Every structure is written in structure tokens, then in C-alpha cells.
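Summary of the model geometry
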Number of protein chains: 2
Amino acid sequence: MVYVVGHKNPDTDSICSAIAYAELKKKLGVDAKPARLGDVNPETAFVLEKFGFEVPELIEDGEGKKLILVDHSDKAQSVDNIDKAEIVEIIDHHKIGDITTPNPIFFLAMPVGCTATVVKLLYDYYNVEIPKEIAGLLLSAILSDTVIFKSATTTDKDIKAAEELARIAGIADINTFGVQLKSKLSDVEKLTAEEIIKRDFKDFDMSGNKVGIGQIELVDIKMIEDRIDELLEKMREMKESGGYAGLFLMLTDIIKEGTLLLAVVDDESVVERAFGKPLENNRVWLDKVMSRKKEVVPPLESAYSS
Amino acid sequence: MVYVVGHKNPDTDSICSAIAYAELKKKLGVDAKPARLGDVNPETAFVLEKFGFEVPELIEDGEGKKLILVDHSDKAQSVDNIDKAEIVEIIDHHKIGDITTPNPIFFLAMPVGCTATVVKLLYDYYNVEIPKEIAGLLLSAILSDTVIFKSATTTDKDIKAAEELARIAGIADINTFGVQLKSKLSDVEKLTAEEIIKRDFKDFDMSGNKVGIGQIELVDIKMIEDRIDELLEKMREMKESGGYAGLFLMLTDIIKEGTLLLAVVDDESVVERAFGKPLENNRVWLDKVMSRKKEVVPPLESAYSS
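Everything quoted here is computed from the prediction, not taken from an experiment.

All right, on to the overall build of chain A then. Secondary structure assignment for chain A yields 11 helices and 11 strands. A globule of 306 residues ought to have a C-alpha radius of gyration of about 19 Å, and chain A, at 19 Å, matches this closely. For chain A, the spread of C-alpha atoms along the three principal axes comes to 55 × 45 × 35 Å. In chain A, which comprises 306 residues, the proportion classed as buried is 57%. Partitioning the contacts of chain A with sequence separation of at least 6, the portion at a separation of at least 24 is 63%. Accessible surface, chain A as shown: approximately 12700 Å² in total, 46% of it carbon and sulfur. Of the side chains in chain A, 38 bear a positive and 55 a negative charge, and the two mean positions are spaced by 2 Å.

Written out as C-alpha cells, the structure is:
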């Protein structure tokens, strides 16, 4: 039996692509089962319930397991003891990570907005009909990862795949469904400041500086405005205890299309060097910026290296 | 402009897949050009001449170049200064190597016998007609890499691709063409012992032991029998000067289907632990063994680790 599994701190793409690709492998005669490396977020929970799927099995140790990795190819993002697992396939849409294998395997990465787009293309390649509910999962993953096609990572392939999947899933208005989906992650009222910061948080090494960047997507940034001081306070705490040179939180407004970047940094000038605008009161509005991967990490990396 | 390039010490697959994939990229609107990282061997020279292609441009430094890598994903096998090149795609059929990228790219590796098989499938996927001469190159690469389908690495996909390519290339008898092709590498008379050993030579780290394994494929092992003492003498020299724990040379008979393994090793017992048969006079016949990757490296690795 082989587990199909996405990255740690799973998002909707990691969970839905795992379920959809396990289903494809089963139809191709492989005993495959989806799994996850952590709790599902409220957006993913909404998607699973809407299309009638169970939350996949949690796995915590890769030792001795056969794994198909989706949505990542970096050891740090994968299951613990990944070196003691047998990796039999990788399906991804990120930069090529540091996972190596002792034997030839199937590895397909494409520079598109979402792993679900790659999975959809593989259903087409193998000429396997996509079940209606699976189409719903894959569509949700694409809308989630591309922020309803607004992220800079979006490609024509994502849009075309989403349109075909919406037709199969019987979803008439993609945009309305997308906003409904993303609003599940906007439900920040019940979350603590730490939960908001850590919702989707990644560590980076930028020229020897430990940098942490969280992101939360909101249908309206106003929902969180009165909690900014509380968030900054918690970020200062986390920066101290975690030994960060800089801690950032992207409050991304998916309707207004831009990000209010909160920053607690040793050297505030990196922000101006990265984005051409200075921090004021630990915050700066970045118009049109939606993607951490494409629009925040690269300029910060060059600012830290200069 | 982007170079399409195979591995160092290029074989027929690395050269022919580079030419064929560059041609496909051009048809898809990309300014692509094949390149090579070393001299072409006599088999490849025969293939290029037969189908009317020039020897691709030699490149020696990756710095500042845009590269599509074919037939490898390991830094050690790639162009010098690979870290200063921009890798835009990888097409391969080996184990996943240690190359990483800063951005998402197209990476397709398949567990098949030859990169040319993957390139053929990509022509099909993009619905691009394969020119007759390109079909000849791809067929040659498959016959070369799979030792006319006799290597353990051969899959149904390789055989099916080769049959279709033979039809396009107008080659009626695949087997005869394969033997003709492989016999070009059997032309060992004019080669020095060192040239024979280094024709297709790779270094490995096996549990901290430096191990070198060369392979030469012959249509009849008799062609080389009277030079074995000379080969062993040169291997002893190379072992000494290169600091090897073990130096191996596979004399693979593609008609008899097996390998006479020559070995100069610190600890001769690794050979018996690996292959179940002891060395006699620095040699052992391994029936049916044709593939270094699948049938020689893995048992030697476990013998060295035990």
C-alpha cells in the first residue's frame, strides 16, 4: 500500500491533490490511500464536507512507508523520517527541492499555480474520467492556491483546468464559489493571535538570517484591523523566542488585491530595500501583492543579500 | 537562448535526446539549441552521421547560461558551474539527483530505460509530428541505453516507443540495427586500456569507500579476452593513483547476455557478498547481468554497507 501525502501544515491543495491523485492511482490499479501531515484548516474542512470526503488519515512517521509526495519536494516540508521512507513518485508545482531517491521514479513538477492542475492533467493524460466530487476538490484547490486566479503564480493551465473542473463539478459561478471558499479562512474571530500568525507560516534562511513569513488571506482586511497591535505584540514575542532576524505577516486582502505587511525586524531598512516603501509603525501596504512565493520571498531575499 | 544538454562523458542517449528535445522546444516556440559536455563516442558518431546531424556544440561552463538538462539530475554529472546556470527544465530517467532550483520549473523523470522514451512521449503529448531523422536518433538512443531491450532497465514503454520510432524512421529490422549500432562501441582494437576503462566510467561513494565502475558493451567478449591482463594492470594503476577502495570493469557481452566483471579491490570478499560468486584471478562471470545501475551498483552498495 502506498500513501499519497502533501506537505506539513497542509493547505487545501495538499489535502485535495492527495485525495484526487490517490483516486487516480487506484483507477490505474495501484493500492493507494491519501494521508495528511497535520490538521486541516477551516477552508479545507469546508471543501471536504461540501464534496462528501472524510479527512484523510494522519501519518506522523515516514519510516518503512511507501509514499507518493504531492505539493512538495523538500525534506523539511515532508513527513518526519522521510529518509527512511520509500518515495515512489513526486507530483509538485514548487521549486525543485532537496529530495533525492536511490532509484528512478516518476517525478512531475510543472510551473503552474497549483498541484491540483497537474493532477487534472494526469487524469486527462491517462484518459481517466474525473468523478464529479473529485472535480470539486481539484477546483477548490486551484481556487485556493491561486487566490481565485489573482495570485501572480496563476497560469493559463490553471484557469483552463478550473473551468473544465467547474463544469464537471456542476459549479456555475467559479468566482462566487471561490470567495465563499476563501472566506472560510477569513473567519479569524475565534483564532488567537498566534493561530493567525501560524496559520500558514514558513521559515527561510536569507543570507544567514532566520526569517519567518506568515500569511493570512481575508475577504476584507477590516476584519482584522483592530487586532493588529495584538498581532505585532505576539510577533515580537515569537521573534525573540525563535531567534528570528525578521518576522513578517502578510494580511492579504483578496478582494482589494493587495497585502498589508506587518514586520518586526532587526533592520527595518530591508523592507524599503525589498519593496521600495518604508515601514511605518511596523506596517506597509503593498498594492497588488498576493503571493508570498513570487512577490515577497524573492525581494526580501535580495534585500537581505545586499 | 536555452541550451539542451545531457551529462558529462556523454552517451548516445544524452546526445540524441538533447538534439530531439531541442527540436521539440523549437517547434513549441522556444529558442533552443542542443549542446554536449564532452566528446561523442563512436556509437553516437555513427548515429549522427547515419541520420544527418552535426555533432552538437561543446559547452564547458554553465555560468550565466539557461539550460534544459536531459538524462541527469545530479550536479556532479552536469556542466561545471551548474550552480551559476539557470536551469529551466529537467527531463530524465535516472534516480532523482541533488539539483535544486530557486523557482518552479518543468521536471519530468520517468522510471523507463531511456530519456529518449520520455522525449518521444512528450512529442506525443504536445501532438508534434516526429521528423523521420529525429525518430532515427530517438530509436538509436533507446536501443543503446536498453542494450537492444536486454537490459533490466527496459520497460514496455521503451519497446512501444522504439517500435513506433522504427516505423517513422523506416527501419524494418530493429534488432539488426541495434546490433550494428552496439558493434560501433565494440571496436576496441584501436583503444588503449585506459580508454576502454574510461569509456563509460562512474565514481560512487559506497559507505565511505570510493568505488569506480566502468562498463564496455561488446558484441562478443572474445574481442577483448587477450587484453584482460593489460586492463587489470591499468586498473591497478588507476586504483592506486585515484585512491579507490575498489575498481571494477564490466565487460558486457550483449549477444551472450552477461558480464565478465573485472575487479581490483582492497577486500575481495565484497564481490562474493554482492554477487554470490567469488573472484577468481580478479574476474567473475555474471550471467544475465547487463545493467550497472540496476544489477551491479545496488548489490555492491549493500555488500559495502554490510
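Still more to cover.
Our focus in this paragraph is the sheet that holds strand 10 (residues 258-265) of chain B. All names here are of chain B. Taken in spatial order, the 5 strands of this open sheet run 7-8-9-10-11, and their pairing is mixed. Both outer strands of the open sheet, strand 7 (201-206) and strand 11 (283-287), are each paired with one neighbouring strand and no more. Going from strand to strand, the sheet's axes swing by 25° on average, the running direction of each strand aside. The pairing of strand 8 (residues 209-218) with strand 9 (residues 246-253) spans 8 bridges and is classified as parallel. In the strand pairing of strand 9, Gly 212 is matched with Leu 247.

Moving on, we get to a nonpolar patch on the surface. A cluster of nonpolar side chains, A:Leu28, A:Tyr125, A:Tyr126, B:Leu28, B:Tyr125 and B:Tyr126, forms an exposed patch at the surface whose accessible area comes to about 520 Å². Locating B:Leu28 in the fold gives a position in the loop between helix 1 (12-27) and strand 2 (32-36).

Right, let's get into the UniProt feature "binding site: Mn(2+) 2" (unreviewed entry) in chain A. All names here are of chain A. UniProt annotation of "binding site: Mn(2+) 2" (unreviewed entry) refers to Asp 13, Asp 71, His 93 and Asp 145 when read in the numbering used here. Separation in sequence by 133 residues is not matched in space for these annotated residues, since their most distant C-alpha atoms are only 10.9 Å apart. By the secondary structure assignment, Asp 71 is in the loop between strand 4 (66-70) and strand 5 (86-92). With residues near it in sequence (within four places) discarded, Asp 71 still touches His 7, Asp 11, Asp 13, Ser 14, Ile 91, Asp 92, His 93, His 94 and Thr 115. A polar contact of 3.1 Å, which involves the side chain of Asp 71, links it to the side chain of His 7. Tracing the backbone shows Asp 145 in helix 4 (residues 132-145). Residue class for Asp 145 comes out buried when judged on its relative accessible area of 18%. Ignoring sequence-local partners within four residues, the contact set of Asp 145 consists of Asp 11, Asp 13, His 93, Gly 113, Cys 114, Ser 151 and Thr 153. At a separation of 3.3 Å, a polar atom in the side chain of Asp 145 contacts the side chain of His 93.

Our next topic: the UniProt feature "domain: DHHA2" (unreviewed entry) in chain A. Taking the numbering used here, the UniProt-annotated feature "domain: DHHA2" (unreviewed entry) corresponds to residues 178-304 of chain A. End C-alpha atoms of residues 178-304 of chain A are separated by 35 Å, and the span's content is 40% helix alongside 29% strand.

Right, let's get into the nonpolar core. Membership of the largest hydrophobic core comes to 104 residues, with the highest contact counts inside it found for A:Tyr21, A:Ile91, A:Leu108, B:Tyr21, B:Ile91 and B:Leu108. Here A:Tyr21 is in contact with A:Val4, A:Ile68, A:Val70, A:Glu89, A:Ile91, A:Phe106, A:Val119 and A:Leu122, once residues within four sequence places are set aside.

Let's shift gears to the side chain of B:Arg227. Residues and elements named next belong to chain B. Mapped onto the secondary structure, Arg 227 falls in the loop between helix 8 (222-225) and helix 9 (228-242). A distance of 2.8 Å separates the side chain of Arg 227 from the backbone oxygen of Leu 191, its partner in a polar contact. Here Arg 227 is in contact with Val 188, Glu 189, Leu 191, Thr 192, Ala 193 and Ile 196, once residues within four sequence places are set aside.

Contacts between the two partners involve 22 residues from chain B, matched on the other side by 21 residues from chain A. Summed over both partners, the interface of chain B with chain A comes to about 1800 Å²; 68% of that surface belongs to carbon and sulfur atoms. Its largest share of buried area at the contact with chain A, chain B owes to B:Ile96, B:Pro104 and B:Phe107, together 32% of the area lost on that side. On inspection of chain B and its partner chain A, the count reaches 0 salt bridges. Linking chain B with chain A are 4 residue pairs in polar contact (both at pLDDT 80 or more), by the criterion used here. Of all elements in the fold, only strand 6 (106-109) and helix 3 (115-125) of chain B reach the threshold of two or more residues within the side of chain B that touches chain A.

Another aspect to go through is the sheet that holds strand 7 (residues 201-206) of chain A. Residue and element names in this part refer to chain A. Reading across from one edge, 7-8-9-10-11 is the order of the 5 strands in this open sheet, with mixed pairing throughout. Edge positions in the sheet fall to strand 7 and strand 11 (283-287), since each has one partner strand and no second. If you compare each strand with its neighbour and ignore which way they point, the axes differ by 25° on average.

The next subject is the domain arrangement of chain A. Residues and elements named next belong to chain A. Taken domain by domain, chain A holds domain 1 (2-184) and domain 2 (193-305). Of note, the centres of domain 1 and domain 2, computed from C-alpha atoms alone, are 26 Å apart. Interface of domain 1 and domain 2: buried area, both sides summed, is about 1200 Å²; carbon and sulfur atoms make up 59% of it. Summed over the three residues of domain 1 that lose the most area to domain 2, namely Val 147, Lys 150 and Lys 182, the buried surface amounts to 36% of that side. Across the domain 1-domain 2 interface, the total number found is 2 salt bridges. In this structure, the salt-bridge partner of Glu 257 is Lys 150, at a minimum N-O distance of 3.9 Å. For the pair domain 1 and domain 2, the number of links is 2 residue pairs in polar contact (both at pLDDT 80 or more). Here the side of domain 1 that touches domain 2 gets 3 residues from one element, more than from any other, and that element is helix 6 (residues 174-183).

Here we take up helix 2 (residues 42-51) of chain B. All names here are of chain B. Among the residues of helix 2, those classed as buried are Glu 43, Thr 44, Phe 46, Val 47, Leu 48 and Phe 51. Looking at the buried positions of helix 2, the neighbouring elements they touch are helix 1, helix 4 (132-145) and helix 6 (174-183). Two or three places before Glu 43, at the opening of helix 2, Asn 41 has a side-chain oxygen 3.0 Å from that residue's backbone nitrogen. With its phi angle positive at about 80°, Gly 52 sits one or two positions after the end of helix 2.

What follows concerns the pairing of strand 11 of chain B. Two faces, one strand: in a regular strand the side chains alternate between the faces of the sheet. Residues and elements named next belong to chain B. Burial along strand 11 is one-sided: the face carrying Val 284 and Leu 286 is buried and the face carrying Arg 283, Trp 285 and Asp 287 is not. Where strand 10 meets strand 11, 5 bridges bridge the pair, whose relative direction is antiparallel. Residue Gly 258 lies in a different strand from strand 11, and its bridge partner there is Asp 287.

The two copies are related by a screw operation: chain B maps onto chain A through 180° of rotation and 0.1 Å of translation along the axis, at an RMSD of 0.1 Å. Interpreted geometrically, this transformation is the action of a two-fold axis. Residue B:Leu108, judged by its C-alpha, is the member of chain B lying nearest the rotation axis, at 2.3 Å. Taken as a fraction of all interface residues of chain B, those also at the interface in chain A reach 95%, which identifies the copy contact as same-surface.

Rules behind the numbers
- For every chain, the first residue of its written sequence is number 1, and the numbers climb from 1 along that sequence.
- To read the labels, note that chains go from A and ligands from 1, taken in the order they are written.
- pLDDT decides what is reported in this predicted model: residues at 70 or higher carry local features, side-chain atom pairs at 80 or more are listed and counted, and totals for whole chains, interfaces and linings draw on all residues regardless.
- The basis for every side-chain value is the complete set of non-hydrogen atoms in the structure, without hydrogens or water.
- What counts as a helix is a DSSP run of H or I of at least four residues, what counts as a strand is a run of E of at least two, and both are numbered from the N terminus.
- Radius of gyration: over C-alpha atoms. The globule rule applied is 2.2 Å multiplied by the number of residues raised to the 0.38 power.
- Each residue is placed in one exposure class: buried if its accessible area under a 1.4 Å probe, protein chains only, is under 20% of its type's maximum, exposed if it is over 50%, and partly exposed if it falls in between.
- Two residues qualify as a contact provided that any one of their heavy atoms is within 4.5 Å of a heavy atom in the partner residue.
- What sets the accessible areas is the Shrake-Rupley method with a 1.4 Å probe; for residues, cover comes only from the shown protein chains.
- Within this scheme the basic residues Lys and Arg register as positive and the acidic residues Asp and Glu register as negative, but His and the chain ends are omitted.
- To locate a charge, the coordinates of NZ of Lys, CZ of Arg, CG of Asp or CD of Glu are taken.
- DSSP-based pairing: two strands are paired if at least 2 bridges between them are found.
- Orientation is described by axes fitted as lines to C-alpha atoms, over the contacting stretch for helices, and by angles from 0 to 180 degrees between their N-to-C directions.
- Only residues whose relative accessible area exceeds 30% and that form no salt bridge are eligible for patches; like-charged ones are grouped when within 9 Å, while nonpolar side chains (Val, Leu, Ile, Met, Phe, Trp, Tyr) are grouped when within 5 Å.
- Just to be clear on terms, a salt bridge is a Lys or Arg side-chain nitrogen sitting within 4 Å of an Asp or Glu carboxyl oxygen.
- UniProt positions are given in the numbering used here, feature names are shortened, and annotations may be inferred rather than shown by experiment.
- Polar contacts, as counted here, are pairs of nitrogen or oxygen atoms within 3.5 Å of one another; within protein the pair requires one atom able to donate a hydrogen and one able to accept it, and residues that are adjacent in sequence qualify only if both atoms are side-chain atoms.
- The definition of a nonpolar core used throughout is a set of buried Ala, Val, Leu, Ile, Met, Phe, Trp, Tyr and Cys residues joined through side-chain atoms within 4.5 Å.
- Accessible area, probed at 1.4 Å, shrinks when two parts are joined; the buried area is that loss added up over both.
- An automatic or database domain assignment supplies the residue ranges for each domain.
- Residues reaching a pLDDT of at least 70 in both copies supply the C-alpha atoms on which the copies are superposed by least squares.

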